[in-house]
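What follows is each chain in one-letter form.
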Amino acid sequence: MHAVRHIPPALGLLTAAAPAFAGDTGNGAVWLWFSVIASLVAALALVAAFEARRRTAALKLLRDEARAEAGRFRKTIEGTNAVAWEFDPATGLCSYVSPQAELLLGFPLNAWAQSGFWRENIHPEDRSFVIEFFRAQTELGYDHELEYRMLHADGQTVFVRDMRTVHRKPDGSIDRISSLLINLSVHKATEAALEDSEARFRSTFEQAAVGIAMCSLAGRYSRVNRRFTEISGYSEADLLQMDFRELLHPDDAPRVDAQLVTLAGSAREVIALEMRIRRRDGGLVWVAMTVSVVRALSRDPSQYMVVIEDISGRKQTEAVLRESEARMRTIVSSIDEGIVMRDAAGDVVVCNDAVAQIYDISPAQLAKFRLDSGLIDFVFADGSERAPETLPPMRALATGEPVADMVAFRARNGEIRTLWVKSSPLQRDEDPFPHAVVTTITDMTQRLQAEAELRLAASVFENSVEAIVVAGADRNIVRANPAFSTVTGFDVREVIGHSLPDVTGSRHETGFFEGVWRSIERDGFWQGEVWNTHKNGKAFPAWLSISSVRDQEAQISHYVAVFSDITERKANEARIAYLAHHDPLTGLPNRALMQDRLSQSLARAHRERTMVGLLFLDLDRFKMINDSLGHHAGDRLLQQVAERVRTCVRDSDTICRQGGDEFIIVLNDMPNTRAPARVAEKILGSLAEPFDVDTHRIGTSFSIGIAVYPNDGRDPESLMKNADTAMYHAKESGRNTFRFFTEAMNANALERLQLENALRQALERNELTLYYQPQVSLKDGMVVGAEALLRWQHPQRGFISPARFIPIAEDSGLIVPIGRWVLREACRQARAWEKQGLPPIMMAVNMSALQFRRDNVVAMVREVLEETGHEPDRVELELTESLLMENAGEVLSTIQQLKGLGVRLSIDDFGTGYSSLSYLKRFAVDRLKIDQSFVRDVPVDSDDAAIVRAIIQLGEALKLDVIAEGAETIAQVEFLRREGCTEAQGYYWCPPVPPGVFESMLHRGVITPEADRAMLSFS
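Criteria and cut-off values
Residues numbered from 1 in each chain as written. Predicted model: local features only at pLDDT ≥ 70, side-chain atom pairs only at ≥ 80, totals over all residues. Heavy atoms only, no water. Helix = DSSP H or I, 4+ residues; strand = E, 2+ residues; numbered from the N terminus. Buried < 20%, exposed > 50% of the residue type's maximum accessible area, 1.4 Å probe, protein only. Contact = heavy atoms within 4.5 Å. Areas by Shrake-Rupley, 256 points an atom, 1.4 Å probe, with all protein chains shown as cover. Pairing = 2+ DSSP bridges. Axes fitted to C-alpha atoms, helices over the stretch in contact; angles between N-to-C directions. Core = buried A, V, L, I, M, F, W, Y, C linked by side-chain atoms within 4.5 Å. 1 Å grid on protein atoms, 1.4 Å probe; cavity = no way out; pocket = protein on both sides within 12 Å on 5 of 7 lines; lining within 4 Å. Points joined across faces, edges and corners; volume = space filled by probe spheres on them. Phe/Tyr/Trp six-rings, centres within 6.5 Å; stacked < 30°, edge-to-face > 60°. Lys NZ or Arg CZ within 6 Å of the ring centre and 35° of its normal. Polar contact = N/O pair within 3.5 Å; in protein donor to acceptor, adjacent residues only side chain to side chain. Salt bridge = Lys/Arg side-chain N within 4 Å of Asp/Glu carboxyl O. Arc of directions from axis to C-beta. Expected span 1.5 Å × (residues − 1). Parallel < 35°, antiparallel > 145°, perpendicular 65-115°, else oblique. Left-handed = near helix turned anticlockwise from the far one by under 90°. Nonpolar A, V, L, I, M, F, W, Y, C, P; charged D, E, K, R; others polar.

Asks: I keep staring at the overall build of the protein and nothing clicks. Help me out?
Replies: Assigned secondary structure in the protein consists of 39 helices and 37 strands. By the burial criterion, 41% of the 1019 residues in the protein qualify as buried. In the protein, 53% of the contacts between residues at least 6 apart in sequence involve partners at least 24 apart. On the protein, roughly 54700 Å² of surface is accessible, and the fraction owed to carbon and sulfur atoms is 54%.

Dropping the structure here:
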């Protein structure tokens, strides 16, 4: 097929007319020729016009494409991390720079347009060379590139590659230069990291404890470490001229070659062999050899890494064991090393008792002990799980080669123990595969620990800055460390053979050390401060510790004495402690020490959720005393005031002289906010007695401001500021008084103090009474028990909520006598109802934790039962979970004695504290009381419902009674009944009521909530 070309119309006309020209003659022919020529000229003009238009369109298209290509090029560049910029080499002015320039150097883009910007930001060390290089290349007109450093706006160094293109005008002169800057900083950092990695590899390679060599695939050594030369006996230079097969014993070389063939031609990465190598001196050394494939980036093998470890000693031992196999069978069960034989499937065939002892498993378990059974948790040294197939027995069975390795496992107590495990496969001549594997197991845990401890002890002995002296059983010195010479000035050789007391306490009489030796004989240890003498005769105080060392027969074999010169330390400590922490006039802690102790007190109070009191004291009218009697009299007065204030606080509190006539007191672990008021009253009372200063009798007083953590501040600055403010309020109130930081707090503290005083008289005035809330059987609505609840009716204040006075009773200790009265009154009332013929019920009485700890509870309960005649099995003491968890040993003893009396015990608010099943079992409680916080939302809260259900099921499982408190609605009651709870109490049936109302309920026996609510409307 031929290609068809486009022919213009004029040429077509000429072609069509050509045949006519050939056959025409005469004038007609001439005229016809003129017509043809005219048509031809017209056609040629038409063709020329068409070609001109075509070229113009083509040029425009080329310009548009060039612009588009330039735009695409700029967008491409701006989409990378490279920076493109153009500039005039004559003026140095930038005509274009891509946005990435701001990221490269940190300067705004308009900075690049400034003349000389690029020159000024070249690194000073590279500037002259770079500028000269680019100038020369530009003059030659070559495109060129260079790597150099520039400076970032923050001063950091930026490595760049600058690739430049020279653009010329039609006349050959340089038009502009375009540059592409590529950030090489990350690349340079990577190169530095690679160099560092290589340095670390070289260090590890040379210092390795095993022999390491790198070989080509042909077997030629290319690199060896020091340990490799030591094991082989050849120098490094000799080895680099050798093939590694030259070291092998002739009998072992074929086996190694066979393994290498499988290594090079398969996916295996490493082979491990035990073989003999021939040393330079002709001797044979058994080694464990590991050959690993080192692959190139293409993943093709590039060389081998050979690791050898000298195992000659172990191989000799194995030879002896093989020769003595018959004899060893009879004694294998008596040795400490574990021995176990497994068949090809991994099942135990033979083992000794030592294996069971090492793994802490029974012989029955050991008989079925497969490594993949999960019975033993094998781990690596870091605690991560280790697969069974990586253990020496399984590897030996798989490879047919002996395998030895350190193996760790996690014991029952969580300890990681380390074993040396060596597994040797057993093969029959006719069968190339192992039919069994024999494994020896040695517990290396204690040995490794002992070796580490010995190394540590030796290092400590030699490098200790304290003098260490070792004496024999006869107390004569056998060894001393270098620090001994530093401390005493004596050379170690001068004291060898001398008596230990002669060099550790030379200034003491003989009787002193006789007491020391008696203490050492009795306790094995003595330490204290002694006086020693330097070689130059100068005495110095030393801190001395002497310990006895006993041998396996418990006889003293050595004595170890450690001492140091504490002269400078004692002097510095005394001087610094006094100057830094005490006021030189009064001897009290100064502001710095007070600040430190206050910070510690606040931190401890934050952790333990206690309170700290800060008292700011200002001596009233002290300036007048100074002005009238002089500063000496003022100083004497301050000293006497400090002595009196000391007697008003505890040793655990801190008194500080703030300066002038101001003092600060920090009260730690305050039981309540009334404590600072009591201390302030005590201080004011102590200052009431006048002071005798020289010949004057001076009376004075304090104005005291009180701030309490955390109410008045949570940091030292806030507390001091607020206490200072309160002190000024005290001065404004007439002096010789104290004020809390806020009047509201002052009023509350006063009210609480008044309430405490009123509560002390409540028992004597018969203001306390008991109300009783019925405990109802959910089965039939019968009243089966009552909870005795304390109430207080004050003659002036009226009814006082237990929520207000019970905490006061706890803080003041009044809960102890009140608790005795409650138990006595509850038992008396229950016994009185029984005497009236009413059915007996269980009487539940709450027992305060403070009463349980402070009072002789057992004696008190026994006395109440004897006095009232009430049956002990109808008394139930309700205890809290927190009480049971505190001092569990003492609490358990008390509870056992209470159970011996016959009373019942229940856990109140069960589930809200630390609920421990083991404690339920140990304390043998009789009933669990579900807290009302769980009962309240059981109809709507699935979590609360699940908790209540679990407590009921727990009670059933442990054969404990379960009662729910706080039942208020029919939905709650129906839920409890449906879940199997047997008893409950709450406002659904009845609130706590006076004894008379409760007695009427006992007469009826059954509580009907609808009928009783009207009668109990007074509640």
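Asks: I tried to follow the sheet that holds strand β14 (residues 403-410) on my own but got confused; where do I start?
Replies: Within a sheet, adjacent strands bond to each other through the backbone by hydrogen bonds, running parallel or antiparallel. One open sheet holds the six strands; their spatial order is β12-β11-β16-β15-β14-β13, and the pairing between them is antiparallel. The two strands at the open ends of the sheet, each matched to only one other strand, are β12 (348-351) and β13 (377-379). Neighbour-to-neighbour, the strand axes of the sheet open up by a mean angle of 35°, direction not taken into account. Alignment of β14 against strand β15 (residues 416-428), held across eight bridges, turns out to be antiparallel. Bridging from a neighbouring strand, Arg410 pairs with Ile416 of β15.

Asks: Please explain the nonpolar core as it appears in this structure.
Replies: Nonpolar side chains tend toward joint burial in soluble globular proteins. Formed by 85 residues in total, the largest nonpolar core has its most connected members in Leu976 and Trp989. Not counting residues up to four positions away in its chain, the partners in contact with Leu976 are Leu778, Val935, Val948, Ala964, Ala967, Cys981 and Ala984. One finds Phe622, Leu637, Ala675 and Phe702 within the second-largest nonpolar core, a separate group that totals 36 residues.

Asks: What am I meant to see in the pairing of strand β30 (residues 783-794) here?
Replies: Every regular strand shows the same layout, with side chains that alternate between the two sheet faces. The buried fraction of β30 is high, at 10 of 12 residues. Where strand β29 (residues 768-777) meets β30, nine bridges bridge the pair, whose relative direction is antiparallel. Note that in β30 the partner of Thr769 across the bridge is Arg791. Counted between consecutive antiparallel strands, the loop separating β29 from β30 contains five residues, among which Gly781 sits at a positive phi close to 80°. Here β30 runs beside strand β32 (residues 842-846); their pairing, made up of four bridges, is parallel. Note that in β32 the partner of Ala786 across the bridge is Met843. One ladder, built from three bridges, connects β30 with strand β31 (residues 798-800); its direction is antiparallel. Bridge pairing in β31 links His794 to Gly798. Hairpin connection, β30 to β31: the antiparallel pair is bridged by three residues.

Asks: Sorry, what's going on with the sheet that holds strand β4 (residues 157-168) here?
Replies: Taken together, five strands build an open sheet; the order of strands is β2-β1-β5-β4-β3 and the sheet is antiparallel. In this open sheet, the two edge strands, each paired with only one partner strand, are β2 (94-97) and β3 (144-151). Each adjacent strand pair in this sheet contributes to an overall mean axis angle of 25°, direction not counted. Pairing geometry for strand β1 (residues 83-87) and β2, over three bridges, is antiparallel. Note on β2: the bridge partner recorded for Phe87 is Cys94. Running at roughly 155° to β3, helix α6 (residues 124-140) makes contact with β3, β4 and β5 (174-183) of the sheet. Helix-sheet contacts for helix α7 (residues 185-207) involve β3, β4 and β5, and the interaxial angle to β4 is about 135°.

Asks: Explanation requested: empty space enclosed by the protein in the structure shown.
Replies: Regions of empty space are outlined by a rolling probe, equal in size to a water molecule, passed over the atoms. Scanning the entire structure with this criterion turns up five cavities of 30 Å³ or more. Estimates place the volume of the largest cavity at around 100 Å³. Every residue lining the largest cavity is counted, 14 residues in all, and those nearest its centre are Tyr359, Leu371, Pro393, Val421 and Ile441. At the level of secondary structure, the elements contributing two or more residues to the lining of the largest cavity comprise β11 (338-343), α13 (353-359), α15 (392-399) and β16 (431-443).

Asks: Please explain the packing of aromatic side chains as it appears in this structure.
Replies: Aromatic ring pairs are described here by two measures, namely the spacing of the ring centres and the angle between the planes. Tallying each qualifying case throughout the model produces 23 aromatic pairs. With 6.2 Å between their ring centres and 90° between their planes, Phe484 and Phe563 make a pair best called edge-to-face. On the criterion of sequence distance, the pair formed by Phe484 in helix α17 (residues 482-488) and Phe563 in strand β21 (residues 556-565) is long-range, its members being 79 residues apart. You'll find Phe484 and Phe563 in the same group, each marked buried. Taken together, the aromatic side chains of Trp85, Phe87, Phe107, Trp112, Phe117, Trp118, Phe129, Phe133, Phe134 and Tyr148 make up a single cluster linked through ring pairs. Positioned above the aromatic ring of Trp118 is the side chain of Arg164, whose terminal nitrogen or guanidinium carbon lies 4.5 Å from the ring centre. Over the face of the ring belonging to Phe205 we find Arg223, whose NZ or CZ atom lies 4.9 Å from the ring centre.

Asks: What am I meant to see in the side chain of Asn672 here?
Replies: With respect to the helices, strands and loops of the structure, Asn672 is situated in the loop between β24 (662-670) and α25 (675-686). A distance of 3.2 Å separates a polar atom in the side chain of Asn672 from the backbone nitrogen of Ala675. Setting aside residues no more than four positions away along its own chain, Asn672 makes contact with Met611, Arg678 and Asp811.

Asks: Got a minute to help me understand the pattern of salt bridges in this structure?
Replies: Opposite charge on two side chains lets them pair, provided their charged atoms get close. All told, the structure shown has 62 salt bridges when counted by the stated rule. One salt bridge connects Arg276 with Asp251, and the closest N-O pair in it is separated by 3.9 Å. Separated by 25 residues along the polypeptide, Arg276 in strand β8 (residues 270-278) and Asp251 in the loop between α9 (236-239) and α10 (253-264) bring together distant segments of the chain.

Asks: It is not clear to me how helix α38 (residues 995-1004) should be interpreted in this structure. Could you clarify?
Replies: Structurally, the α-helix is built with 3.6 residues per turn, so residues lying three or four positions apart point the same way. Residues of α38 that are buried: Val997, Phe998, Met1001 and Leu1002. All buried residues of α38 fall inside an arc of 145° around its axis, so they share one side.

Asks: Got a minute to help me understand helix α31 (residues 857-868) in this structure?
Replies: Compared with the 16 Å implied by 1.5 Å per residue over 12 residues, the 16 Å span of α31 between its first and last C-alpha is a close match. Burial in α31 covers these residues: Val857, Val858, Met860, Val861, Val864, Leu865 and Thr868. For α31, the buried positions fall inside an angular range of 165° around the axis, keeping them on one side. Away from the buried face of α31 by more than 90 degrees, exposed residues Glu866 and Glu867 are located. Among the residues trailing α31, Gly869 stands out with phi positive, at a value near 75°.

Asks: Explanation requested: the packing of helix α29 (residues 815-835) against α31 in the structure shown.
Replies: The geometry of a pair of packed helices is captured by two quantities: the angle between their axes and the separation between those axes. Orientation of α29 relative to α31, taken along the N-to-C sense of each, is 30°, at an axis distance of 9 Å. Judged by the angle between their axes, α29 and α31 are roughly parallel. Considering only the axes of α29 and α31, their crossing is right-handed. In contact with Arg820, Leu823, Arg824, Cys827, Arg828 and Arg831 of α29, α31 contributes Met860, Val861, Glu863, Val864, Glu867 and Thr868. Among the residues forming the contact of α29 with α31, the class breakdown is five nonpolar, one polar and six charged.

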